[in-house]
Amino acid sequence: RTRVRAKHERSRIPMITGVTAPSPASGLASRRGTFAGGGGGGVGRGPPSRVAISVRRSPSSLRVAAGARAEPGSVREWIERNLDAGAVTDVSRGGSSGWAEFSTYDTESGKRFFVKTSRRDPSMFIGEGAGLDAMFETNTLAIPRVYYAGATPEGSREGDSFIVMDHLNFGGRGDQAEFGRQLALMHAATPAVEEARAGKFGFTVDNTCGDTPQPNGWMDDWVQFYLERRIRHQLRLARDSTLTELGEKVCERAPLWFEPCGTIKPSILHGDLWSGNIGTVDGKPSVFDPAVYYGHSEAEFGMSWCAGFSQKFYDAYFEVLPKVETHFEERRQLYLLYHYLNHYNLFGGGYRGQCVGIMKGLLA
């Protein structure tokens, strides 16, 4: 699927506190279209495919009869009313995850749209849409434009929430050096939201990393944000006295490791960058299924243990954003710790031992 390259009118990313869906008067839902019978509020994105594992099934296609009227409150009706792409001519059901159904909508204009519907509340799609918007605005990696994310109308037979975006034809990983360069350029881009431009860390919405809630309330200091919103948040979820004791000792020592970095500027982060969320679109590097927030650029490497980054990737990345060598390894381990703690909270098992090992190593 081909990304729409024309520069669209820049729209404000909605200000939402917490994971409760906004009212119909706010966000992507209100600014990006309506249903005949009124629409719900929203904006959003869901959990990474590592947790919501795609279940591949034989795609089914529904040819839409010429002149057939769209069912009131349906996704098809929303597309035909709001996207200036003409009538929907074909709907392909492409698969599902543990919490969402995937479809592709073809239109008579030739434009294609990717749609996810779910019986969950709109908050996960709201987070997804806001994150994709923020990355799209950097004009670096290939990111789909989001047209709607939020609630379905009351009485809809297509679940409780949905998200509509450009359909992109994803391919394999592609050139690692180019991916590293484009990722660094995304991190170096001027933030799309006012708070981040003012030097704050966080995001306009809380979202999820996997199925784990990820709090993103704005804070002025990066180290305090990371320790409170990431490390201590995961420790509280774990309810493990040993992990908590070690974690508090790590948090006491952590500020020292950031002193060589000087003033840390907020970078837009994908937030869950592992191999399953990386691809290409027409040869251009692309990422998807994000857990977006504004943070320290190095935090993007927190999932490097299952991302398969090559030396060419790192060389190209650090050509754009030079590496701060002093205490880099300690910071890297701290960023890994968040994701190992998250995996322990999601899956249990051996991840606890890895968390203990990382923290003991940082305290040695």
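Look up: the structure comes first, before these words.
Read on for a plain summary of the structure.

Thresholds, definitions, all that
Sequence order sets the numbering: in each chain, residues are counted from 1 along the sequence as written. Only residues with pLDDT of 70 or above have their local features reported here, since the model is predicted, and side-chain atom pairs are shown and tallied only from 80 upward, although totals for entire chains, interfaces and linings are computed over all residues. Calculation of side-chain values draws on the structure's entire complement of heavy atoms; hydrogens and water are dropped beforehand. Throughout, exposure labels follow a simple rule: accessible area from a 1.4 Å probe, protein chains only, divided by the maximum for the residue type, with under 20% read as buried, over 50% as exposed, and the rest as partly exposed. Each helix corresponds to a stretch of at least 4 residues labelled H or I by DSSP, and each strand to a stretch of at least 2 residues labelled E; elements are numbered beginning at the N terminus. For two strands to be treated as a pair, DSSP must find at least two bridges joining them. Here, nonpolar core refers to any group of buried Ala, Val, Leu, Ile, Met, Phe, Trp, Tyr and Cys residues whose side-chain atoms link them within 4.5 Å. It only takes one pair of heavy atoms within 4.5 Å for two residues to be counted as in contact. A helix is expected to span 1.5 Å multiplied by its residue count minus one. Here the bend at a residue means the angle between the axes of two seven-residue stretches, the one that ends at it and the one that starts at it. Residues adjacent in sequence count toward polar contacts only when both atoms are side-chain atoms; beyond that, a polar contact is any pair of N or O atoms within 3.5 Å, and within protein one must be able to donate a hydrogen and the other to accept it. Between N-to-C directions, angles span 0 to 180 degrees; the directions come from axes that are lines fitted to C-alpha atoms, helices contributing only their stretch in contact. Should an angle fall under 35 degrees it is taken as roughly parallel, and over 145 as roughly antiparallel, whereas 65 to 115 is taken as roughly perpendicular and any remaining angle as oblique. For any pair of crossing helices, the crossing counts as left-handed if the nearer helix is rotated counterclockwise from the farther one by less than a right angle, and right-handed if it is rotated clockwise. Each residue gets one label: Ala, Val, Leu, Ile, Met, Phe, Trp, Tyr, Cys and Pro are nonpolar, Asp, Glu, Lys and Arg are charged, and the others, such as Gly, are polar.

Let's shift gears to the pairing of strand β4 (residues 112-118). With 6 of 7 residues buried, β4 lies mostly within the body of the structure. Where strand β3 (residues 101-107) lies against β4, 6 bridges are found, and the strand directions are antiparallel. By the bridge assignment for β4, glutamate 101 is matched with threonine 117. With antiparallel pairing between neighbouring strands as the criterion, β3 and β4 make up a hairpin whose turn holds 4 residues, including glycine 110 at a positive phi of roughly 100°. Relative to strand β6 (residues 161-166), β4 runs antiparallel, the two being bridged by 6 bridges. Following the sheet pairing, serine 118 is matched in β6 by serine 161.

It is worth spelling out the nonpolar core at this point. Within the largest apolar cluster, 77 residues are counted, with the highest numbers of intra-cluster contacts made by Phe203, Trp222, Ile231, Leu243 and Leu334. For this core, the element with the most residues is helix α10 (residues 328-347), which contributes 9 residues. With residues up to four places along the chain from it excluded, the contact list for phenylalanine 203 reads Ala130, Gly131, Ala134, Asn216, Trp218, Ile268, Val292, Tyr293 and Tyr294. Grouped together as the second largest cluster of nonpolar side chains are 14 residues, Trp78, Ile79, Ala85 and Tyr148 included.

Between its first and last C-alpha atoms helix α6 (residues 222-238) spans 23 Å; for 17 residues at 1.5 Å apiece the expected length is 24 Å, and the two agree. For α6, the principal kink sits at arginine 232 and spans about 35°. With 12 of 17 residues buried, α6 lies mostly within the body of the structure. For α6, every residue scored as buried is listed here: Trp222, Val223, Phe225, Tyr226, Leu227, Arg230, Ile231, Arg232, His233, Gln234, Leu235 and Ala238.

So, on to the sheet that holds strand β7 (residues 170-171). Neighbouring strands of a sheet are bound in pairs by backbone hydrogen bonds; such pairs are parallel or else antiparallel. One open sheet holds the 3 strands; their spatial order is β7-β11-β12, and the pairing between them is antiparallel. In this open sheet, the two strands that pair with only one neighbour each are β7 and β12 (284-287). Summarising the sheet, β7 and strand β11 (residues 278-281) pair through 2 bridges and their orientation is antiparallel. In the strand pairing of β11, phenylalanine 170 is matched with valine 281.

So, about the environment of aspartate 220. For aspartate 220, the position within the fold is in the loop between β9 (212-214) and α6. The exposure class of aspartate 220 is exposed, given its relative accessible area of 58%. Through-space distance from the C-alpha of aspartate 220 to that of glycine 199 is 6.7 Å; in sequence the pair is 21 residues apart. Other than its neighbours up to four places away in sequence, aspartate 220 contacts Gly199, Lys200 and Phe201.

Attention shifts here to the side chain of serine 161. Along the polypeptide, serine 161 turns up in strand β6. A residue is classified by how much of its surface remains accessible, and serine 161, at 0% relative accessible area, is buried. A polar atom in the side chain of serine 161 sits 3.0 Å from the backbone oxygen of arginine 120. Excluding its chain neighbours within four sequence positions, the residues that come into contact with serine 161 are Lys116, Thr117, Ser118, Arg120, Asp121, Pro122, Phe125, Gly150, Ala151 and Thr152.

Turning to the environment of cysteine 306, a few remarks are in order. Relative to the assigned elements, cysteine 306 resides in the loop between β13 (293-295) and α9 (311-320). Spatially, the C-alpha atom of cysteine 306 lies 8.9 Å from that of glycine 276, the residues being 30 residues apart in sequence. Non-local contacts of cysteine 306, meaning those with residues more than four positions away in its chain, are made with Trp274 and Ser275.

The next thing to look at is the packing of α10 against helix α11 (residues 351-363). Running from N to C, α10 and α11 cross one another at 155°; their axes reach a closest spacing of 8 Å. Judged on the interaxial angle alone, α11 and α10 are roughly antiparallel. Remark: the crossing between α10 and α11 carries left-handed chirality. Contact residues: α10 offers Glu330, Gln333, Leu334, Leu336, Leu337, Tyr340, Leu341, His343, Tyr344 and Phe347, while α11 offers Tyr351, Arg352, Gln354, Cys355, Ile358, Met359 and Leu362. The class makeup of the residues in the contact of α10 with α11 is 12 nonpolar, 3 polar and 2 charged.

It is worth spelling out the pairing of strand β5 (residues 146-151) at this point. Among the 6 residues that make up β5, 6 are buried, leaving the element largely enclosed by the rest of the structure. As judged from the 5 bridges shared by β5 and β6, these two strands associate in the antiparallel manner. Considered in β6, the bridge of alanine 149 is made with isoleucine 163.

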